[in-house]
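Summary of structural features
Single-letter residue listing:
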Amino acid sequence: MRLSVPNIPPSILSAAAQRNAPTVPTSEAVQRIASFLSAGRAAVLTGAGVSVDSGVKAYRGKDGRYMNPDYKPIFYQQLIENSPRGHSFRQRYWYVLRAYLGFLPVRRTFPNPTHFAIAALQHANAVGPLITQNVDGLHHAALRRVMTEEELEAHILELHGSIFKVHCNHGHVYPRPIFQEWLGQANPRWSAYVDELERTGAQPKTNPDGDVALDASVSYDDFVVPECPRCIAEGRHNSIMKPDFVFFGESISHKVKDHSYSIVESADRLFILGTTLATYSAFRLLKHALELRKPVLYLNVGPTRADGLPGVDKLEIPTGAVMREVVHAVVGTRARYDPVLRDMLLSGVVNPLVQEKPTGAS
């Protein structure tokens, strides 16, 4: 079976390259978004674009193309393969990708004004549940000050899972920071390197998806992937450990799919921010909303998989440029006298990465 990284159809990219979509003036965008949200209860769907101001690298550039066309991710089938080859893939993953080295910058990432603006809208009961494709936990972080973990589960659906949990192929789940400690204990040489990065505040250079870019001469053949302690206690050796998010080539669970559909079905409308909808698990939620004749407002910069679909109102503007003002427009004077809203609307880092040119660009 041939597997590939999901992308926007070439016909859409070609059409987008031939036209320059005008950026909507900020005041007009704020008014249109506020009117849309005030007209009915909206479900919210977000993607990587909302985390860019937090320093999380976007999957695709403004032209809609993958930032690194030469990037070769590890696929789900490779990671869970119970063979020497599968073990090698797991060594590469836990050593190089969104794992031992890549987890360091993740722990230093904080919500930006868009995360807090969406959290403020949820706190004010101005929007319904949030569906996010992001695994970075930043939506949770923005709401955690006012909600319990149980309430967060009811308000946020992580469509593709979370980077903060790890599980083995027998279902034993561990917090990601604890597994990070196990990786360090099993690999003292690399633990010392990570300690040095922590001490100096340096960050390893990463590709999209958190892949840490290292010199090709660096070997990970001696990198040790810890075994699952509970499996050992049950009398078996097992180092098939996987982060609790969906890999390329892996499907979301029926439970998560059904939950995402129910959120769209129970809402009056759908508000989409910061995503190209290249992955079908997210794109089909838009299709489902359109099939149910629900209004859709789409906020993104650059081409998307939804371009040209009837029933989609798209605004070409960054989320960080408008979402705080949207909250003020929707909740009115409450933004001044509600201490929680006031605090949220003053919170958030703005620390976007300097985007490098895609591989091969001149």
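Basis of the calculations
- Residues numbered from 1 in each chain as written.
- Predicted model: local features only at pLDDT ≥ 70, side-chain atom pairs only at ≥ 80, totals over all residues.
- Heavy atoms only, no water.
- Helix = DSSP H or I, 4+ residues; strand = E, 2+ residues; numbered from the N terminus.
- Buried < 20%, exposed > 50% of the residue type's maximum accessible area, 1.4 Å probe, protein only.
- Contact = heavy atoms within 4.5 Å.
- Areas by Shrake-Rupley, 256 points an atom, 1.4 Å probe, with all protein chains shown as cover.
- Pairing = 2+ DSSP bridges.
- Axes fitted to C-alpha atoms, helices over the stretch in contact; angles between N-to-C directions.
- Parallel < 35°, antiparallel > 145°, perpendicular 65-115°, else oblique.
- Left-handed = near helix turned anticlockwise from the far one by under 90°.
- Nonpolar A, V, L, I, M, F, W, Y, C, P; charged D, E, K, R; others polar.
- Expected span 1.5 Å × (residues − 1).
- Arc of directions from axis to C-beta.
- Core = buried A, V, L, I, M, F, W, Y, C linked by side-chain atoms within 4.5 Å.
- Phe/Tyr/Trp six-rings, centres within 6.5 Å; stacked < 30°, edge-to-face > 60°.

**Re the overall build of the protein chain**
- Helix and strand content of the protein chain: 16 helices and nine strands.
- Put simply, the protein chain has 362 residues, and 50% of those count as buried.
- A separation of at least 24 residues holds for 77% of the contacts in the protein chain among residues at least 6 apart in sequence.
- Entry remark: accessible area of the protein chain is about 17000 Å², with carbon and sulfur atoms responsible for 53%.

**Considering the sheet that holds strand E6 (residues 241–245)**
- Pairing is antiparallel across the open sheet formed by three strands, whose spatial order is E5-E4-E6. Two strands lie at the open edges of the sheet, namely strand E5 (173–175) and E6, each paired on one side alone. In this sheet, neighbouring strand axes are inclined to one another by 40 degrees on average, regardless of whether the strands run parallel or antiparallel.
- Relative to E6, strand E4 (residues 161–168) runs antiparallel, the two being bridged by four bridges. Its bridge partner lying in E6, Cys168 is registered against Met241.

**Focus on the sheet that holds strand E7 (residues 269–273)**
- Across the sheet, which stays open at both edges, the six strands sit in the order E3-E2-E1-E7-E8-E9 with parallel pairing between neighbours. One side of each edge strand has no neighbouring strand; the edge strands of this open sheet are strand E3 (156–158) and strand E9 (312–315). Strand-to-strand, the axes of this sheet are offset by a mean angle of 20 degrees, without reference to chain direction.
- Bridging between strand E2 (residues 130–132) and E3 involves three bridges; their strand directions are parallel. Pairing of Ile131 across the sheet is with Leu157, part of E3.

**Considering the packing of helix H2 (residues 26–38) against helix H14 (residues 323–331)**
- Interaxial distance between H2 and H14 falls to 9 Å at its minimum, and their mutual angle equals 50 degrees. Relative to H14, the element H2 is oriented oblique. In this structure, the crossing between H2 and H14 has a hand that is right-handed. Contacts from Val30, Ile33, Ala34, Leu37 and Ser38 of H2 reach H14 at Glu325, Val326, Ala329 and Val330.
- Its residues assigned to classes, the contact of H2 with H14 comprises seven nonpolar, one polar and one charged.

**Examining the packing of helix H6 (residues 113–123) against H14**
- In contact at an axis separation of 8 Å, H6 and H14 are set at 20 degrees when each is read in the N-to-C sense. By the angle between their directions, the pair H6 and H14 is classed as roughly parallel. Crossing handedness for the pair H6 and H14: left-handed. The segment H6 lies against H14, with Pro113, Thr114, Ala117, Ala120 and Leu121 engaging Met323, Arg324, Val327 and Val330.
- Split into classes, the residues belonging to the contact of H6 with H14 amount to seven nonpolar, one polar and one charged.

**Observations concerning helix H12 (residues 254–266)**
- With 13 residues, H12 extends 18 Å from end C-alpha to end C-alpha; this agrees with the ideal 18 Å at 1.5 Å per step.
- Listed as buried for H12 are Val256, Ser260, Ile263 and Val264. All buried residues of H12 fall inside an arc of 95 degrees around its axis, so they share one side. Away from its buried face, by an angle of more than 90 degrees, H12 presents the exposed residues His254, Lys255, Asp258 and Ser266.
- On the buried face of H12, the contacting elements are strand E1 (42–46), E2, E3 and helix H13 (280–291).

**Quick look at the environment of Phe248**
- Locating Phe248 in the fold gives a position in the loop between E6 and H12.
- For the pair Phe248 and Gln77, spaced 171 residues apart in sequence, the C-alpha to C-alpha distance is 8.9 Å.

**Let's talk about the nonpolar core**
- One finds Ile33, Leu37, Phe271, Leu299, Val322 and Met323 to be the most contacted residues of the largest nonpolar core, which totals 39 residues.
- Among the secondary structure elements, those contributing two or more residues to this core are H2, E1, H6, helix H7 (138–143), E7, strand E8 (296–299), H14 and helix H16 (339–344).
- The greatest single-element share of this core, amounting to six residues, is contributed by H6.
- With residues up to four places along the chain from it excluded, the contact list for Ile33 reads Phe271, Leu297, Leu299, Leu315, Val322 and Val326.
- One finds Ile252, Val264, Leu270 and Val296 within the second-largest nonpolar core, a separate group that totals 22 residues.

**Some thoughts on the packing of aromatic side chains**
- Tallied over the full model, the rule gives five aromatic pairs.
- Consider the rings of Phe245 and Phe247, whose centres lie 5.4 Å apart with planes at 10 degrees: the pair is stacked. The same class applies to Phe245 and to Phe247, which are both buried.
- Here the aromatic rings of Tyr280 and Phe283 are separated by 6.3 Å at their centres, their planes lie at 55 degrees, and the arrangement is tilted. Of this pair, Tyr280 and Phe283 both sit in helix H13, three residues apart, which is roughly one turn of the helix.

**Some thoughts on helix H9 (residues 176–186)**
- Along H9, the residues that are buried comprise Arg176, Phe179, Gln180, Leu183 and Gly184. Mapping the buried residues of H9 onto a view down its axis gives an arc of 145 degrees, with all of them on the same face. H9 presents Glu181 and Gln185 as exposed residues on the side facing more than 90 degrees away from its buried surface.

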